[in-house]
Structures are given as C-alpha cells and as structure tokens.
Amino acid sequence: IEVCGPLNWRALPRGKSFWALSLCILLASYYWYFVLTWVPSYLVLSKGFTTLQMGSIVSTCLFAMAGANVIAGFTADRLAGRIGVFRSRVMFAAAGYVGTAAVLLLLVLRDRGWVLPVLAFSICATGTGNASFWTLVQQVSPRHMAGRSVGYLNTLSQVAGAAAPVITGWILGPEKQFGPAILVAGICPVLAAVCLLAAGSGGLEEMRVRLGEAM
C-alpha cells in the first residue's frame, strides 16, 4: 500500500510544465466546445444544410473520430516503446492539435462539398490530441495524484466549455458572421500544441518527479 503525506501545493506551480498543461487544455477545449455548441448552427445558418443534413455531418465526424482515436492510441503505444512514453504522448497530442487547425480551411474553401471532409479531419485530429493529452496527464501524475490532476484539468476544460459558446455568440453578433469565430476556434488548438511543445517531454518527466517528491 502506498502511503502519501499531505501535498505541498506550492510545489505545483513551479516550472513551466504546470502552466503549459493548464493552458493547453483551456485552449484545446475551447475548440471542442465550439464544435459541440456552434458548428451545428454554422452548418444550417451559414452553409444552408437542412437540420437532417447537419445531423448526418456531425454524426459522421464523431463516428470517424471514434475510429481515429483507436488507431492513434494503438500507434502511440507502439511508438512509446521505441522513443519513450512522454515523447510519444507529447508528439501525438501536439500533432493532433495542429491538425485540428484544418478547420481554418473552411474560411477559404467555400464549396459545401468541402465541409464534411474538412470537419471530419479536424475533429479526428482533435480526438487524437485529446486522447494523448489525457493519457499524458495520468502519466505525469504520480498514482496517488491522478484523480486530483485530472479533476483540476477537467475543471479548466469545463471553464473553456462555458466560455466558448458565450464568446462565440459575442463574436458572431447580430450579423452571424462565422468567419472570425472559426478563426479563433482554429487558432486555439495550435496554441495548445505550442504549450505542450514548450513544456517538452523532459519538462513533463521532471514535473512528475517533483510531484512525487512533494508528497
């Protein structure tokens, strides 16, 4: 049985990795909740799809994401055995978040035929990024801190989830111009990837050691 002492909370904010993970999930979650709350309206109001077509597009994207998550997770596990767990997770999470920015193509590809492939790729990419991120969080955290670590970061995710629909509604305004809103949503996951890469696999491994020693 692992016996743990009280957590030294002052040990958490030391170093850039803590803030990198916090900012990463805030930014990545902004995109995800934008997809859940405003993309259906975008498909109907801006692209002229019927509600049934909108439902089919969103459903197809989410089914594709489910399959992509399994494939990406399997590949990340195999790669972890070769280059190390932390490097593999950081690489897959960052690549997923960069790929999420494909949603920005909707700003230049006006034909409705591009909507499904662009959204599907972007959503699959964010699924890959999120899956690797949450796996990374559990591996960064000592076993006796996994619940608190995930709980804290999930709280930040929900903060972004509460902010995304409000901010998007403010950006849209009465004219309901989705361009600026898509721009913000597409840039956020790229910044999330930058946060992870700034922390680096070495910094995250160091954070795990420091947290273990703080208990």
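Owing to the predicted nature of the structure, the values given are computational and were not obtained by experimental measurement.

For the pair helix α3 (residues 85-100) and helix α4 (residues 115-140), the least separation of the axes is 7 Å and the interaxial angle reads 150°. Between α3 and α4, the interaxial angle falls into the category roughly antiparallel. Between α3 and α4 the crossing geometry is left-handed. Within the contact of α3 with α4, the residues separate by chemical class into 11 nonpolar, 11 polar and one charged.

Take unusual backbone geometry next. The residue Lys-176 is not glycine, and still its phi comes out positive at about 55°. On the basis of relative accessibility, which here comes to 43%, the residue Lys-176 falls in the partly exposed class.

Looking now at the packing of helix α1 (residues 16-46) against helix α2 (residues 51-83). Interaxial distance between α1 and α2 falls to 8 Å at its minimum, and their mutual angle equals 150°. Note that α1 runs across α2; the crossing there is right-handed. Each of Trp-32, Pro-40, Leu-43 and Val-44 in α1 lies in contact with α2, whose residues at this interface are Thr-51, Met-54, Ile-57, Val-58, Leu-62 and Met-65. When its residues are assigned to classes, the contact of α1 with α2 shows nine nonpolar, one polar and no charged.

As for its placement among the helices and strands, Gly-129 is situated in helix α4. By relative accessible area, which is 0% here, Gly-129 ends up buried. It is 8.8 Å that separates the C-alpha atoms of Gly-129 and Gly-99, two residues lying 30 residues apart in sequence. Every residue in contact with Gly-129, bar those within four places of it in the chain, is listed here: Phe-92, Ala-93, Gly-96 and Tyr-97.

The next subject is α3. Taking 1.5 Å per residue, 16 residues should reach 22 Å; α3 reaches 23 Å between its end C-alpha atoms and fits that length. Restricting attention to buried positions, one finds in α3 the residues Phe-86, Ser-88, Arg-89, Val-90, Phe-92, Ala-93, Ala-94, Gly-96, Tyr-97, Gly-99 and Thr-100.

Moving on, we come to the environment of Thr-168. By secondary structure assignment, the location of Thr-168 is in helix α5 (residues 146-172). Taking the C-alpha atoms as reference points, Thr-168 and Val-184, separated by 16 residues in sequence, lie 8.8 Å from one another. Every residue in contact with Thr-168, bar those within four places of it in the chain, is listed here: Tyr-30, Phe-34, Trp-38 and Ala-181. Looking at Thr-168, its side chain comes within polar contact range of the main-chain oxygen of Ala-164, at 2.7 Å.

Below, the discussion takes up the layout of surface pockets. If you add up the space inside the second largest pocket, you get close to 150 Å³. Along the walls of the second largest pocket sit 13 residues, with Ser-29, Trp-32, Asn-130, Trp-134 and Ser-157 positioned nearest its centre. Among the secondary structure elements, those contributing two or more residues to the lining of the second largest pocket are α1, α2, α4 and α5. Broken down by element, the lining of the second largest pocket gets its largest block of residues, five residues, from α4. Residue composition of the lining of the second largest pocket, grouped by class: six nonpolar, seven polar and no charged.

Criteria and cut-off values
- Residues numbered from 1 in each chain as written.
- Predicted model: local features only at pLDDT ≥ 70, side-chain atom pairs only at ≥ 80, totals over all residues.
- Heavy atoms only, no water.
- Axes fitted to C-alpha atoms, helices over the stretch in contact; angles between N-to-C directions.
- Helix = DSSP H or I, 4+ residues; strand = E, 2+ residues; numbered from the N terminus.
- Parallel < 35°, antiparallel > 145°, perpendicular 65-115°, else oblique.
- Left-handed = near helix turned anticlockwise from the far one by under 90°.
- Nonpolar A, V, L, I, M, F, W, Y, C, P; charged D, E, K, R; others polar.
- Buried < 20%, exposed > 50% of the residue type's maximum accessible area, 1.4 Å probe, protein only.
- Contact = heavy atoms within 4.5 Å.
- Expected span 1.5 Å × (residues − 1).
- Polar contact = N/O pair within 3.5 Å; in protein donor to acceptor, adjacent residues only side chain to side chain.
- 1 Å grid on protein atoms, 1.4 Å probe; cavity = no way out; pocket = protein on both sides within 12 Å on 5 of 7 lines; lining within 4 Å.
- Points joined across faces, edges and corners; volume = space filled by probe spheres on them.

Worth remembering: the numbers are spatial, not functional.
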